[in-house]
Amino acid sequence: MQARVRFAPSPTGELHIGGLRTALFNWLFARHNKGKFILRIENTDTLRSREDFTKSIIDNLKWLGLIWDEGPQIGGEYGPYLQSERLPVYKRLADNLLKEEKAYFCYCLPEELEQRKQKMQKAKLPPLYNGRCRYLSEKERKSLENEGMKPAVRFKVLQECELRVKDLLRGEVKFDSKTLGDFIILKSDGTPTFNFANVVDDALMRITHVIRGDDHLSNTPRQLLLYQSLGFKEPFYAHIPMILGKDASKLSKRHGATSVSYYRKEGYLPWALINYLALLGWSTVDSQQFFTREELIQKFTLDRVNKSPAIFDSQKLEWMNAEYIRKTNIHELAELVIPHLRERGWVGEKIDALTYKKIVRISELEKDRLRVLSDIIKLTDFFFEKDFPLDDKSVEKTLKKDYVYSLLKKIKHEIEKMDLLTQDGLEEILRRLAEKLNLSTGKVFHPLRIALTGRMTGPGLFELAEVLGKEEVIRRIDRALKLLIKESGGLSNGRTPDSGSGSGGSSPPPPATH
RNA sequence: GUCCCCAUAGUCUAACGGAUAGGACACCGGGUUUUCAUCCCGGCGAUGGGGGUUCGAUUCCCCCUGGGGGCACCA
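Owing to the predicted nature of the structure, the values given are computational and were not obtained by experimental measurement.

### With respect to the overall build of chain A
Thinking step 1. The helix and strand tally for chain A stands at 21 helices and 11 strands.
Thinking step 2. Its C-alpha atoms give chain A a radius of gyration of 33 Å, clearly above 24 Å, the size a compact globule of 514 residues would have.
Thinking step 3. Overall, the C-alpha framework of chain A stretches about 105 × 50 × 40 Å when taken along its three principal axes.
Thinking step 4. When each of the 514 residues of chain A is scored for burial, the buried share is 48%.

### Regarding the protein's contact with RNA strand B
Thinking step 1. Of all residues adjacent to RNA strand B, which total 71 residues, the nearest are K187, S287, D368, R369 and G458.
Thinking step 2. Between RNA strand B and L279, the relevant distance is 2.8 Å, taken from a sugar or linking oxygen to a main-chain nitrogen or oxygen of the residue.
Thinking step 3. Here a phosphate oxygen of RNA strand B and a backbone polar atom of I311 are 3.0 Å apart.
Thinking step 4. Going through the elements one at a time, α4 (110-122), β4 (152-155), β6 (171-176), β11 (310-311), α11 (314-327), α19 (441-453) and α20 (461-468) are the ones with two or more residues in the surface near RNA strand B.
Thinking step 5. In terms of residue count, the dominant contributor to the surface near RNA strand B is α11 (5 residues).
Thinking step 6. Among the residues forming the surface near RNA strand B, the class breakdown is 26 nonpolar, 20 polar and 25 charged.

### Some points on a nonpolar patch on the surface
Thinking step 1. On the surface, M1, L168 and F236 cluster together into a nonpolar patch covering about 370 Å² of accessible area.
Thinking step 2. Its place among the elements puts L168 in the loop between β5 (162-167) and β6.

### Some points on the packing of aromatic side chains
Thinking step 1. If you walk through the whole model with that rule in mind, you get 13 aromatic pairs.
Thinking step 2. Relative to Y268, the ring of Y263 has its centre 5.1 Å away and its plane inclined at 75°; by these criteria the two rings are edge-to-face. Comparing Y263 with Y268, the two get one shared label, buried.
Thinking step 3. The interplanar angle of 40° and the centroid separation of 4.4 Å between the aromatic rings of F382 and F383 together place this pair among those described as tilted. Here F382 matches F383 in class, with each residue buried.
Thinking step 4. Members of the aromatic cluster, each reached through a chain of ring pairs, are Y262, Y263, Y268, Y276 and F312.
Thinking step 5. The ring of F25 has R21 lying over it, and the distance from NZ or CZ to the ring centre is 4.8 Å.
Thinking step 6. Positioned over the ring face of F388 is R479, at 4.6 Å from the centre of the ring.

What counts as what
- Residues numbered from 1 in each chain as written.
- Chains lettered and ligands numbered in written order.
- Predicted model: local features only at pLDDT ≥ 70, side-chain atom pairs only at ≥ 80, totals over all residues.
- Heavy atoms only, no water.
- Helix = DSSP H or I, 4+ residues; strand = E, 2+ residues; numbered from the N terminus.
- Rg over C-alpha atoms; globule rule 2.2 N^0.38 Å.
- Buried < 20%, exposed > 50% of the residue type's maximum accessible area, 1.4 Å probe, protein only.
- Near = heavy atom within 4 Å.
- Polar contact = N/O pair within 3.5 Å; in protein donor to acceptor, adjacent residues only side chain to side chain.
- Nonpolar A, V, L, I, M, F, W, Y, C, P; charged D, E, K, R; others polar.
- Patch = residues over 30% accessible without salt bridge, like charges linked within 9 Å, V, L, I, M, F, W, Y side chains within 5 Å.
- Areas by Shrake-Rupley, 256 points an atom, 1.4 Å probe, with all protein chains shown as cover.
- Salt bridge = Lys/Arg side-chain N within 4 Å of Asp/Glu carboxyl O.
- Phe/Tyr/Trp six-rings, centres within 6.5 Å; stacked < 30°, edge-to-face > 60°.
- Lys NZ or Arg CZ within 6 Å of the ring centre and 35° of its normal.

In structure tokens form, the structure reads like this:
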């Protein structure tokens, strides 16, 4: 028998990290077993379901490469795959249950139910439905109906019995039907509830293995009852551990970003996300960390899925993303980085050959510093903006040393003599200059770095200077010189500069004259 | 409250009932580098508690504790 599994998100929000992990395990299971992976949209909550969420979920799954074999947009022989298009199916099966007296109409109002529930909780009783509408006579029903009451359909939990969930991960889990209580299968507006729609669709879509979050384990006995009453064969179950937030409660918005869209926007690579998530609750004997797609499919089996919940560690995800960025070749990386540059307004829709070359080179230079793709923005402003800001601390600590003014002048002079500013050429000039002035190389490199980039950190000085080009480098040195003139104007008006290095022998720059 | 699930370092995890309890992230130290990052080397750090079973328990059983989830006309 061919394995058929499904991912059945409800479009009441963005695709969630936890949902994605469930989708991933299903997908891996299907691919590993050469079975089918089915996508079904559970949009029976008419109030909260939104079409744009459906679109977004579908879009994100595609982005991640978790492609389904049957489902929205591609169809399949067990469709439709949107629950909102399957209403007649649920109605028909609910009618059958009514006819067989396995279900009954319930006229209780939501407010009544809520009140009763609270009472029972106060009395420290399990808050189950009390069965008020279970034994209504035909007459009573008619009169309620005449009052215009729209009933819900409630499933009758008849016999007291032990329900056994055969879970592939946890073994046999037993439940007592007494703890269940009659539950609604069709709401008064005619839409099915989760337990009902889920069972009906899984059965009709020939789902063989239900792989889903641990939080559904306690729903399973109700579903088992439905399978039996409907005359369907129950599937195999695998309840995988949930993903928790830092405080070990169910991962939710208050733990920070949980939507796949967010990670996509930030610049996480789809496979990094998948690789990281695969390791949350699953592992190989040797604790292998990195997997190619083929490897993961080949190695993934349910029997190596852990039973205990896992805390989502965004730091490790970030590390893994950085690892994958480093493994990306520079042309691919450039392509990945371009949308971020575009969004920032640093490049336009059309990119000419020269700009493209520059982006490729910058990607290469910054590669080791990127943890997420959007980091490119804060790292490379000096490559794209003429008037990038200078870091105050760096200016204070390094640029304002009194030997720097004359040093920068000399560097500028040397550069002006070059035909073309090349990486090697600049290095030679600066090293020679350092030797001549009896300065350590650092003393020469650092001030120039700040003049060119505004900060102490970044790619190799010679490399980045070559990207900037001769003219721009000179312009930036001038900018720094002007700044020093202004600053020292202030200094000569009272404050004394804290003593400089002594070597270098430069005279203090002239006071500003404006 | 009740039912169910879970329990190895801060985090993710490995370990036929038999190793100094292994790996990864984070953290700390050192080295390489013009800086940052990368890279390399090293370090810190765990079987929740109590009972059994056994020659021997991380591993099997029971109790306790702790955490989580369900008990909706949400999914």
